[in-house]
Each structure stands twice: as C-alpha cells, then as structure tokens.
Amino acid sequence: MSLRYLLVAFATFVALALAGPAPAAPPVLVSVGDVEGHPSATWSLPPGVKARWAEVATSPATGWYGRFLFENVKAYSALEDTQTTWVYDFQLDPGTYYVHIGGIDEPCFFAGLCPFREFSQIMTLAVAAPPPPPPPPPPPPPPPPPPGDTSPPPAEGYFPALSPAGNPTGLPDGQTCAAEVHRSTWEPRPDNTKRNNTTQDAAAIHASLGSSPRSTDGSYDPRYDSWLVPRIDGQFAGTTDEIFQWAACKWGVPDNVIRAAAYQESTWYQYLVYPDYHNRCVSFYGCGDFFGSASAASNLYCDHIATFGYDYRQDYGDGLCPQTFSILGIKSWWDPAWGFNFAGNQNGSFPFNRNSTAFAADYYAAELRTCLESWVLWLPDTTNDLWGCVGYWFSGDWHSAAADEYAAEVQGHLNNHVWLQPGFENDRPGCHPTYGCPGPDGL
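First, a word on scope: everything that follows refers to the structure included in this document. A quick note: this is a predicted structure, and the numbers were derived from the prediction, not measured.

1. Observations regarding the overall build of the protein chain
- Looking only at helices and strands, one finds 14 helices and 14 strands in the protein chain.
- Its C-alpha atoms give the protein chain a radius of gyration of 38 Å, clearly above 22 Å, the size a compact globule of 443 residues would have.
- Seen along its three principal axes, the alpha-carbon backbone of the protein chain occupies a region of about 135 × 55 × 50 Å.
- Per-residue burial over the protein chain gives 48% buried out of 443 residues.
- Contacts spanning at least 24 positions in sequence make up 69% of the contacts within the protein chain whose residues lie at least 6 apart.
- Surface exposure of the protein chain reaches about 20,800 Å², of which carbon and sulfur atoms provide 58%.
- Separation of charge centres in the protein chain, based on 21 positive and 45 negative side chains, amounts to 9 Å.

2. Description of helix α9 (residues 296–305)
- Those residues of α9 that fall on the buried side of the exposure criterion are A297, S298, Y301, C302 and I305. Down the axis of α9, the smallest arc covering the buried residues is 130°, so these residues share one side.
- Residues of α9 that are buried make contact with α10 (313–316) and β12 (322–325).

3. Quick look at the sheet that holds strand β13 (residues 330–331)
- The antiparallel open sheet is built from three strands, whose spatial order is β11-β12-β13. Edge positions in the sheet fall to β11 (287–290) and β13, since each of these pairs with one other strand and no more.
- Relative to β13, β12 runs antiparallel, the two being bridged by two bridges. Residue pairing in the sheet places T324 in a bridge with K331 of β13.

4. Let's talk about the packing of aromatic side chains
- Across all of its chains, the model carries 34 aromatic pairs by this definition.
- Measuring from ring centre to ring centre gives 5.7 Å for Y88 and F90, while their planes differ by 70°; the resulting arrangement is edge-to-face.
- Note on F90: relative accessible area 54%, which makes it exposed.
- When the centroid spacing of 4.7 Å and the interplanar angle of 55° are considered together, the rings of Y277 and Y435 count as tilted. Of the two residues, Y277 is situated in the loop between β9 (272–274) and β10 (280–281) and Y435 in the loop between α14 (401–416) and β14 (439–440); the sequence distance between them amounts to 158 residues.
- A residue is classified by how much of its surface remains accessible, and Y277, at 28% relative accessible area, is partly exposed.
- Accessibility expressed as a relative area gives 18% for Y435, which makes it buried.
- Here the aromatic cluster, defined as three or more aromatic residues joined through ring pairs, consists of F291, Y301, W333, W334, W338, F340 and F342.
- In this structure, R67 is placed above the aromatic ring of W53, and the distance from its NZ or CZ to the ring centre is 5.5 Å.
- When the ring centre of W251 is taken as reference, the NZ or CZ atom of R231 above it lies at 4.7 Å.

5. Regarding the packing of helix α13 (residues 386–395) against α14
- The N-to-C vectors of α13 and α14 enclose an angle of 120°; their axes lie 8 Å apart at closest approach. You can see that α13 and α14 cross each other, and the crossing is right-handed. Residues W387, V390, G391, Y392, W393, F394 and S395 of α13 form the contact with α14, whose own contacting residues are A402, A403, Y406, A407, V410, Q411 and L414.
- Looking at side-chain class alone, the contact of α13 with α14 contains 11 nonpolar, three polar and no charged residues.

6. Considering the state of the cysteines
- Applying the stated criterion across every chain, the model contains five disulfides.
- The disulfide partner of C302 is C321, and the gap between their sulfur atoms is 2.0 Å. When the S-S torsion is -95°, as for the bridge of C302 with C321, the disulfide is left-handed. Taken together, the residues span a long stretch of sequence, with C302 in helix α9 and C321 in the loop between α10 and β12 at a distance of 19 residues. Here C302 matches C321 in class, with each residue buried.
- Across the disulfide, C371 is cross-linked to C389 (sulfur-sulfur distance 2.1 Å). Looking along the S-S bond of the C371-C389 disulfide, the torsion reads about -85°, which is the left-handed sense. Highlighted residues: C371 in helix α12 (residues 357–372) and C389 in helix α13, separated in sequence by 18 residues. C389 carries the same exposure label as C371, and that label is buried.

7. Digging into unusual backbone geometry
- Cis peptide bonds are those with omega within 30 degrees of zero, and the linkage from F350 to P351 qualifies with 10°.
- Despite not being glycine, N345 shows a phi value in the positive range, around 55°.
- In this structure, N345 sits in the loop between β13 and α11 (352–355).
- A positive phi is found at H399, a non-glycine position, where the angle reads about 50°.
- Within the secondary structure, H399 is located in the loop between α13 and α14.

8. Some remarks on the side chain of N347
- Turning to its location among the elements, N347 is positioned in the loop between β13 and α11.
- Since its relative accessible area comes to 5%, N347 is described here as buried.
- In this structure N347 touches L209, S212, R214, K331, S332, W334, F342 and Y363, once residues within four positions along its chain are discounted.

About the thresholds
Residues numbered from 1 in each chain as written. Predicted model: local features only at pLDDT ≥ 70, side-chain atom pairs only at ≥ 80, totals over all residues. Heavy atoms only, no water. Helix = DSSP H or I, 4+ residues; strand = E, 2+ residues; numbered from the N terminus. Rg over C-alpha atoms; globule rule 2.2 N^0.38 Å. Buried < 20%, exposed > 50% of the residue type's maximum accessible area, 1.4 Å probe, protein only. Contact = heavy atoms within 4.5 Å. Areas by Shrake-Rupley, 256 points an atom, 1.4 Å probe, with all protein chains shown as cover. Lys, Arg positive; Asp, Glu negative; His and termini not counted. Charge placed at Lys NZ, Arg CZ, Asp CG, Glu CD. Arc of directions from axis to C-beta. Pairing = 2+ DSSP bridges. Phe/Tyr/Trp six-rings, centres within 6.5 Å; stacked < 30°, edge-to-face > 60°. Lys NZ or Arg CZ within 6 Å of the ring centre and 35° of its normal. Axes fitted to C-alpha atoms, helices over the stretch in contact; angles between N-to-C directions. Left-handed = near helix turned anticlockwise from the far one by under 90°. Nonpolar A, V, L, I, M, F, W, Y, C, P; charged D, E, K, R; others polar. Disulfide = S-S within 2.5 Å.

Have a look at this one:
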C-alpha cells in the first residue's frame, strides 16, 4: 500500500470524526387522528429504520433527548419494529394534542454516526367531544285490537279493584299497563280520535309540572313532587275507553270511577269545538268553569294560555277564559290567593290537558292517588276514602255539601253504567244557531 493511499484514508477518517454524528432517517409521520377519542397515527419507515415509540402530549415542547416533556405526556406506547399504524388503547379528553413517532436507524447508530433516538416531525391532533347520544326511541304503538272485537267494557269494568294506600311504588308502570289494557275498537266518541292519539312530549310535561311544585311549603307530602309528578307522562294512545283502562291500571283506581267521572265532567268528550266558528270550544264538553268577572289575576292567566295555539279571549272577553279543560275537567287555573306563585297563574297542566286524552286521564288518576295516599297535608286523613277523594277533586275541600253532592252524582253514573245505555253514542250537544254544529278541533 502506497504512502499516498494511507494518507488519503487517514484524512477521510479524521474528517468523519470531526464532523460528528451523521443525520439519521427518522420515521415520517403521515397522518394523525382519533377513533372515538382514541388517538391514532400512521407513518412510514425509511430503509433500516425501526419503530420504537408513539407519544402524545399536550405541548409540543421536547427535552434534550427529543421526547416530549414528561409532565405533558398523555399517551405512550412501545411499538413493534416494523409497525406503521397505531391506535391508543385509552380515550383522551377532548382537546388539542401533539403527536410524534420515535425510531432508531440501526445501521447509522451502530456505526456510531447517529443518536439512539430519532423522532418524526410533530403533528397536531384535535380530539373532538363525542356527539350527544341519540334521543330515546318513541314508545311502541299500542298493539292492535283482537280481530272482530268491538265490544264495550263489561259492567264491572276491567280494573275494578282499588289498590290500597301505603305502597304507591308497587303500582305498575305505564308500559306494563299498556299491555294489560283490553283492546276493542268500541268507540262511542269518534270526535275524540285526534286527541286520543296525541301523546305529548314527556320531558315537556315534566318540566311544566315540575315548575309548579306543591310540597315546598309543607302543604303536600314531598313524594308528590319527587315521585308522583315525574310519573305523569300521558304516553299512551287508543280508544277513549282504552285510555281510561290504562290510567286506572297505572294508578290503582277502579276504571269505572274514571268512566263515571268523565261523564259527569264532559259527557266523555275530550275537547269538542265549533269548527265553523274558529274552533270555539263547546262549553262543558272539554272546557268549562268560566270566570264570572275579570281580574288582574285572570287576565294574566288568560294571556298565558293564549300563547298555546288559541286565544280564548276572542270568545269570552279579556280575563274571561276557561279554567278547566279535558274529558275529566282538569283545572289549569291557579288563583295566587291559594298560595304559591305559579307562572301565568296556571298549575303546569296546560296545554297538555287540552291536547291529549291520555294526559288528562293520567293526571286525574294521579290526583286521586295523591288523595288516597293522604298526601294533601292540609286535609284531614283521606287514606283510601275513594268517594271523598272524588268529591275533593270537584270542590277542593273535604266532604263539604258540594263535594258529597258531586261524588253522589258520579256514583249514580257508575251505578247506572251510563256508558252502556242505549243512545249513549248519540249523547252530544246540538247545533248552535250562531256557531254551527260541534265537532273535533282543528288546532
């Protein structure tokens, strides 16, 4: 070997030594993302380069060795040599993160020319908040009636027993009772069909009733607001009689009592109107208890209910609108002199009591259950006094002359089974010379 060759080789070695480590070929990060909150990445590996680490941090800051600062690291995984994709096992909270991939260029490293760790470029990862869960599915439609079943209820009813007080949480829920209803196409009130098949939004019902609590001053048992009111939802559709059965089952009251009370309150009409006279409601066939004179309180109430699709002031005058609605005469009006300061001077039942027969029956039977459990604390003991509770529904006091007279009238309808009498299907108001003939509403 010539001296000149040795000198050239020596000079080349010295030049390499003085130049320091040669630049390695790190992994090349191609993309980052997340799979339902799990960070992911893909990358490529140059020849001779092996994958080593995947890191995710809340800051792009790195230490002297190239890794993210320890206190910022939120995800770390060791990688297989040839791995080029990665999904982290755990989810990260929504936010902005930074990702890089570590590797080793072994030929370069073992030649003493490269550092041990080489990291890809850093990419930014935005983890979005998960989408809200889908809304719950609507309740299943009621099962169809048995073929050919057009019969009315038997004289004794389908749910004749009164569930005694003391175990209200043992009552069946609405879905259970829907399956217990005796299905029949018998419908003596076809005018109710629209409102019989209208179910209101349960969340809206609970928000409205919940905005008018009654136990806050000690006048009602706390279970009225905490257990009973959230159970009222009106989530049922069917014939008029099927709805009565459903409510009776749900609240443990005899279905014949509901049938008889509905006749007393409205002759079994949920909301009858004069369609040819801008849907003016037919008095005492789904609306009633009109103010004798206007007041500031009644004006506020009438203004409030006018925001729900119909302005009753056009028919009766300012401050002179119906106080009660529905097939069971549910009073929406709440006189502030009775205590509490309810919005719009109404108790949260409107417009659901007008719009839905199922809500009306649900609410009525729930109020009977409130009384049967003796949860109206300013009354004497009302436990299991069914007819006392029926009278209280009408009069608002306990076994007064008016309350007992009303209860006796309802008992008379029950004993006569008026809904089974000939001509019941034709028991309806006649045509009015100004307003025209009654029919279902167009609201």
